[in-house]
Amino acid sequence: MDWPRAVNNYCERVAGPVNGSVSYMPVVILIAAYALARRAPGAAWRLAIGALMLSLSLVFRSVDQLVCPVFPVGTHFFWHMLNGAMLGWMIVVLARHRG
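Residues numbered from 1 in each chain as written. Predicted model: local features only at pLDDT ≥ 70, side-chain atom pairs only at ≥ 80, totals over all residues. Heavy atoms only, no water.

On to helix H4 (residues 76-96), then. One turn of an α-helix holds 3.6 residues; hence residues three or four places apart share an orientation. Between its terminal C-alpha atoms H4 stretches 31 Å, which fits the 30 Å expected from 21 residues at 1.5 Å a residue. Looking only at H4, the buried set comprises Trp79, Leu82, Asn83, Met86, Met90 and Val93. Down the axis of H4, the smallest arc covering the buried residues is 110°, so these residues share one side. Exposed side chains of H4 directed beyond 90 degrees from the buried face belong to Met81, Ile91 and Arg96. (Helix = DSSP H or I, 4+ residues; strand = E, 2+ residues; numbered from the N terminus. Expected span 1.5 Å × (residues − 1). Buried < 20%, exposed > 50% of the residue type's maximum accessible area, 1.4 Å probe, protein only. Arc of directions from axis to C-beta.)

So, in structure tokens, the structure goes:
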């Protein structure tokens, strides 16, 4: 069985079309869980910001096909821009808070 597709199909039935974004949700959950587990509040907040950035990028990815009739350029480029910003942010956070 193709589990990612099965989960995505279930989520689309429950929440509507998500454009395949469900497979990225474990990453958001893991970053958020790691942020909660950190004993350093500065690192935890910065990791949580990274998780929020990824969540926002997933929103843009998910609504892309829905907004294309109204906004022909779509929102997929926001997905890429926010992912790049989030990855840069996370590199800085992890470099500052090793250990």
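Within the secondary structure, Asp64 sits in helix H3 (residues 41-67). Buried charged residue Asp64 carries no salt bridge. Nearest counter-charge: Arg61, at 8.3 Å. A distance of 2.7 Å separates the side chain of Asp64 from the backbone nitrogen of Thr75, its partner in a polar contact. Not counting residues within four places of it along the chain, the set of residues in contact with Asp64 comprises Asn19, Gly74, Thr75 and His76. (Lys, Arg positive; Asp, Glu negative; His and termini not counted. Salt bridge = Lys/Arg side-chain N within 4 Å of Asp/Glu carboxyl O. Polar contact = N/O pair within 3.5 Å; in protein donor to acceptor, adjacent residues only side chain to side chain. Contact = heavy atoms within 4.5 Å.)

The full count for this structure, using the stated rule, is three aromatic pairs. Here Phe77 and Phe78 contribute two aromatic rings whose centre-to-centre distance is 4.2 Å and whose plane-to-plane angle is 35°, an arrangement assigned as tilted. Using a relative accessible area of 31% as the deciding quantity, one classes Phe77 as partly exposed. A cation over a ring is seen here: Arg61 above Trp79, with NZ or CZ 5.2 Å from the ring centre. (Phe/Tyr/Trp six-rings, centres within 6.5 Å; stacked < 30°, edge-to-face > 60°. Lys NZ or Arg CZ within 6 Å of the ring centre and 35° of its normal.)

The next subject is the confidence of the model for the chain. Residues of the chain with pLDDT of at least 70 account for 85%, and the chain-wide mean is 85. Highest mean pLDDT in the chain belongs to H4 (94); lowest belongs to helix H1 (residues 3-15) (66). (pLDDT = per-residue confidence, 0-100.)

In this section: the environment of Arg61. Looking at where Arg61 falls in the secondary structure, it is placed in helix H3. Considered as a pair, Arg61 and Gly74 are 13 residues apart in the sequence and their alpha carbons are 9.2 Å apart. For Arg61, the contacting residues outside a window of four places in its chain are Asn19, Gly20, Ser21, Tyr24 and Trp79.

We now examine the packing of H3 against H4. As a packed pair, H3 and H4 sit with axes 8 Å apart at the nearest point and diverge in direction by 165°. Classified by the interaxial angle, the pair formed by H3 and H4 is roughly antiparallel. Viewed along their axes, H3 and H4 form a crossing whose handedness is left-handed. Its residues placed into classes, the contact of H3 with H4 shows 17 nonpolar, four polar and four charged. (Axes fitted to C-alpha atoms, helices over the stretch in contact; angles between N-to-C directions. Parallel < 35°, antiparallel > 145°, perpendicular 65-115°, else oblique. Left-handed = near helix turned anticlockwise from the far one by under 90°. Nonpolar A, V, L, I, M, F, W, Y, C, P; charged D, E, K, R; others polar.)

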